[in-house]
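# Residue-level structure breakdown
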Amino acid sequence: MFDKLKVEIIGESHSPEISGKVSGIPKGYEIDLEELKAFLKRRASSEFFTTPRHDSDDFAVSGLEDGKTANEAIEFVIKNENVRSKDYDKIKVVPRPSHADYPCYVKYGYIPSGGGKYSGRMTAPLTLIGGVAKQILTANGIDVKARLCEIGGIKLENGALNDEAVEKLKLAQSNGDSLGGKIECEIDGLPIGLGDALFEGLEGKIAANVFAIPAVKGIEFGLGFKISSLFGSEANDGLEIVNGKVRLKSNNAGGINGGMTNGNAVTFKIAMRPTPTISKEQDSVNLLTMQNEKIKGTGRHDVCFVPRAVVVVEAVAALSILDEILKENLWKN
Ligand SMILES: Cc1cc2nc3c(=O)[nH]c(=O)nc-3n(C[C@H](O)[C@H](O)[C@H](O)COP(=O)(O)O)c2cc1C
């Protein structure tokens, strides 16, 4: 959901290439391509618990003039190098539980190879586009940072895996199973009053865009669902004057009141489901024979892709904030 930016993600998991295109980016900003490469690398699979599908993620970029944003759409093209469509042959008639296979089959008459446009792979170009937005926000003193905060229900300090989480991941791996997790995001340096009432609310914009990331099943701002069990006096963020300035004494609301930023950092958490494709046997159906059939995932899949999605959340949050700033015309350049 964007008001000023136009964001397009083109291609599919197993098409020769995928691309991401963004129009409406403010002009004159220097974009550091090395930084962008490093940003995208955070989404790549790592050695352990994540997919053995290794795409180089080299990208071609167009739409920059002398390294700066200009009056043109910026487009990133990434080749899909490591495609093994035959891993997905069985899936073409036996949908993987909880992937997009079944609704896609009913809607379009086929199950796309590798998850098609529903694949997590599509978040690679999305990350690049969001990386541009993030660099522009950083140049304006706005900091967007996300980190892993939970895996399989186990809380993590400072985004790092602990022994308990590693044990649970190993258990899932040895059982051919998978785990989900949570990611938290903090946005600092925002002006007060960004966003507005009802459908113009900043929470709604961030939430709508975060749900574009495959596997996101929940989002909460500040204390989120927990706030419903508190007394008002516990939940409220009191105000005080410090050095002649208004300050909020806590941040239970996640930095937003009435759909508008309130001077605190905007904080939200997302919940991601476990990887749907697992090698453990599951119940499914054969859509040709119309008989019940068991299925085991044969492709290459993450035991837990949540660590790889952290940077995607940063990217989407940055795009959402940049779009709102442009909509409210806060940078009059
Ligand atoms: C970075 C990333 C990587 C993913 N990798 C996989 C994967 O390897 N196997 C899989 O089954 N799902 C994977 N997914 C999740 C599916 O794309 C997603 O669950 C599916 O499209 C169904 O959408 P839903 O979970 O939002 O309903 C990944 C998601 C992300 C964000």
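First, a word on what this report is: a plain description of the structure on this page. Keep in mind that this is a model prediction, so the values were computed, not measured. (Residues numbered from 1 in each chain as written. Predicted model: local features only at pLDDT ≥ 70, side-chain atom pairs only at ≥ 80, totals over all residues.)

### Overview of the pairing of strand β16 (residues 282-286)
Two elements, β16 and strand β17 (residues 291-295), share 5 bridges in a ladder whose sense is antiparallel. From the neighbouring strand, Asp-283 faces β17, where its bridge partner is Lys-294. In this antiparallel pair of consecutive strands, β16 and β17, the connection spans 4 residues, and Met-290 shows a positive phi of 55°. (Pairing = 2+ DSSP bridges. Helix = DSSP H or I, 4+ residues; strand = E, 2+ residues; numbered from the N terminus.)

### Quick notes on the site of the ligand
Around the ligand, a shell composed of 21 residues is seen, among which Gly-120, Pro-214, Thr-277, His-301 and Phe-305 lie nearest. With 3 residues, helix α7 (residues 306-327) is the largest single contributor of residues to the shell around the ligand. Of the residues contributing to the shell around the ligand, the split by class is 9 nonpolar, 9 polar and 3 charged. (Near = placed C-beta within 6 Å. Nonpolar A, V, L, I, M, F, W, Y, C, P; charged D, E, K, R; others polar.)

### Here we look at the packing of helix α5 (residues 202-210) against α7
Relative orientation of the contacting elements α5 and α7 amounts to 140°, with a least axis distance of 9 Å. Comparing the axis directions of α5 and α7 gives the class oblique. Both α5 and α7 take part in a crossing whose hand is right-handed. In this structure, α5 contributes Leu-202, Lys-205, Ile-206, Asn-209 and Val-210 to the contact, and α7 contributes Val-313, Val-316, Ala-317, Leu-319, Ser-320 and Glu-324. (Axes fitted to C-alpha atoms, helices over the stretch in contact; angles between N-to-C directions. Parallel < 35°, antiparallel > 145°, perpendicular 65-115°, else oblique. Left-handed = near helix turned anticlockwise from the far one by under 90°. Contact = placed C-beta atoms within 7 Å.)

### Some points on the nonpolar core
Side chains that are nonpolar tend, in soluble globular proteins, to be buried together. Among the nonpolar cores identified, the biggest contains 63 residues, and Ile-129, Ile-183, Val-313, Ala-317, Ala-318 and Ile-321 are the most heavily contacted of them. The biggest single contributor to this core is α7, with 14 residues. Apart from residues lying up to four places away in sequence, Ile-321 is in contact with Leu-137, Ile-142, Val-144, Ile-187 and Leu-190. (Core = buried A, V, L, I, M, F, W, Y, C linked by C-beta atoms within 7 Å. Buried ≥ 20, exposed ≤ 12 C-beta atoms within 10 Å, placed from the backbone.)

### A short note on the packing of helix α1 (residues 33-41) against helix α3 (residues 123-139)
Interhelical geometry of α1 versus α3 gives an angle of 135° and a closest axis separation of 9 Å. Between α1 and α3, the angle is such that the two are oblique. By crossing handedness, the relation of α1 to α3 is classed as right-handed. From α1, Glu-35, Leu-36, Phe-39 and Leu-40 reach across to α3, where they touch Ala-124, Thr-127, Leu-128, Gly-131 and Gln-135.

### With respect to the sheet that holds strand β9 (residues 181-188)
Strands sit in the order β8-β7-β9-β15-β10 across an open sheet of 5 strands; the sheet is antiparallel. Single-partner strands in this sheet number two, and they are β8 (154-155) and β10 (216-221). Of the strand pairs in this sheet, strand β7 (residues 143-151) and β9 are connected by 8 bridges, and their pairing is antiparallel. Counterpart to Asp-143 in the pairing with β9 is Asp-188.

### What to know about the sheet that holds strand β1 (residues 6-10)
An order of β1-β2-β6-β3 is seen for the 4 strands of this open sheet, with the pairing classed as antiparallel. The sheet terminates laterally at β1 and β3 (59-62), the two strands that pair on one side only. The sheet shows a mean angle of 10° between the axes of neighbouring strands, direction not considered. Bridge count between β3 and strand β6 (residues 74-79): 4 bridges; the pairing is antiparallel. What sits directly across from Ala-60, in β6, is Val-77. Across the sheet, α3 lies against β1, β2 (17-23), β3 and β6, angled at about 30° from β2, the strand it touches most.

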